[in-house]
Amino acid sequence: PRSTLFPYTTLFRSVVLRDVSLRAEAGDLVVVWGLRCSGRSTLLRVAAGIEPPDGGVVRFDGHDLISHGERLLGGGIGYCQKTLRFADGQSALDHAMVGLLSRWVSPTKARSLALEALERVGAGHCARMTQRELSSAEAMRVALARTLALKPRLVAIDEPVKGVELIDRDPILSLLRSLADEGLTVLASTGESTGLSQADRGLILGDGELRGAPPPAPATVV
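Predicted, not measured: the structure shown is a model, and the values here were computed from it.

Draft legend 1. Focus on the pairing of strand 5 (residues 154-158). Extensive coverage of strand 5 is indicated by the burial of 5 of its 5 residues. Neither face of strand 5 is open: one carries Leu154, Ala156 and Asp158, the other Val155 and Ile157, and all of them are buried. Here strand 4 (residues 77-80) runs beside strand 5; their pairing, made up of 4 bridges, is parallel. Along strand 5, the bridge assignment pairs Tyr79 with Ala156. Where strand 5 lies against strand 6 (residues 185-190), 5 bridges are found, and the strand directions are parallel. Within strand 6, the residue paired with Val155 across the bridge is Val186. Note that the unit made of strand 5, helix 6 (residues 166-181) and strand 6 has a crossover that is right-handed.

Draft legend 2. Geometry of the nonpolar core. Of all hydrophobic cores here, the largest spans 43 residues; its most connected members are Leu118, Val142, Leu144, Leu179 and Val186. Taken together, the elements giving at least two residues each to this core come down to strand 1 (29-34), helix 3 (92-101), helix 4 (107-120), helix 5 (136-148), strand 5, helix 6 and strand 6. No other element matches helix 5, which puts 7 residues into this core. Other than its neighbours up to four places away in sequence, Leu144 contacts Cys80, Val121, Val155, Ile157, Leu175, Leu176 and Leu179. Leu44, Phe60, Leu154 and Leu203 belong to the second-largest nonpolar core, a separate cluster that totals 18 residues.

Draft legend 3. Inspection of helix 3 at higher detail. Counting buried positions along helix 3 gives 7 out of 10 residues, so the element sits mostly inside the fold. For helix 3, the full list of buried residues reads Ala92, Leu93, His95, Ala96, Met97, Gly99 and Leu100. Here the buried face of helix 3 lies against helix 4 and helix 5.

Draft legend 4. Geometry of empty space enclosed by the protein. Inspection of every chain in the model, using the stated rule, returns 1 cavity of 30 Å³ or more. Approximately 70 Å³ is the volume attributed to the largest cavity. Along its surface, the largest cavity is lined by Leu29, Val31, Pro160, Val161, Leu173, Leu176, Ala188, Ser189, Thr190, Gly195, Gln198 and Ala199.

Rules and cut-offs
- Residues numbered from 1 in each chain as written.
- Predicted model: local features only at pLDDT ≥ 70, side-chain atom pairs only at ≥ 80, totals over all residues.
- Heavy atoms only, no water.
- Buried < 20%, exposed > 50% of the residue type's maximum accessible area, 1.4 Å probe, protein only.
- Helix = DSSP H or I, 4+ residues; strand = E, 2+ residues; numbered from the N terminus.
- Pairing = 2+ DSSP bridges.
- Right-handed = clockwise from strand over helix to strand, strands pointing away.
- Core = buried A, V, L, I, M, F, W, Y, C linked by side-chain atoms within 4.5 Å.
- Contact = heavy atoms within 4.5 Å.
- 1 Å grid on protein atoms, 1.4 Å probe; cavity = no way out; pocket = protein on both sides within 12 Å on 5 of 7 lines; lining within 4 Å.
- Points joined across faces, edges and corners; volume = space filled by probe spheres on them.

In structure tokens, the structure reads:
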């Protein structure tokens, strides 16, 4: 049989971020609002040194993340992954300890730091609870405790209230505000305008560009 050849192949490349400039200082709570697939998750991953940019420079404390990102991630930079994996342990305390243990912190010291972090985020009562027993808000706090146990100076957290019950969202946002007030730099993203309520700066990301305009007002249902 004769084969059909397609001599021309067209590749489409989508630009997620374009000429983005963002600076955050110690004690800042910066929240980036954007529609779904706007690039807000990519922005946070680039800022945390997880993904390298195709162009430009990303710096933390004067260090270029392209060459130092692996060392700074988990040290000065904390990227909060909301998903708790069963492979990381059974209890909330196990999850809060896993990052420390992976960095050769002794089990005794890791346990102490993890308990301290759980208390700091208001999840001390969750220490012995399993993943299945945690509410969505408690799981978010445990994930944040896992990040804070490593003593970062910058925390990047993607959509901290997504999937969280409505009544628990304001306390989560207040927690992020309190962490910034303690001197931590917090960079978060949100797909809802309410996620900007306690931010020092609320930015909007659209068409690959970052702007300082407020998001659209939510529609009113009559």
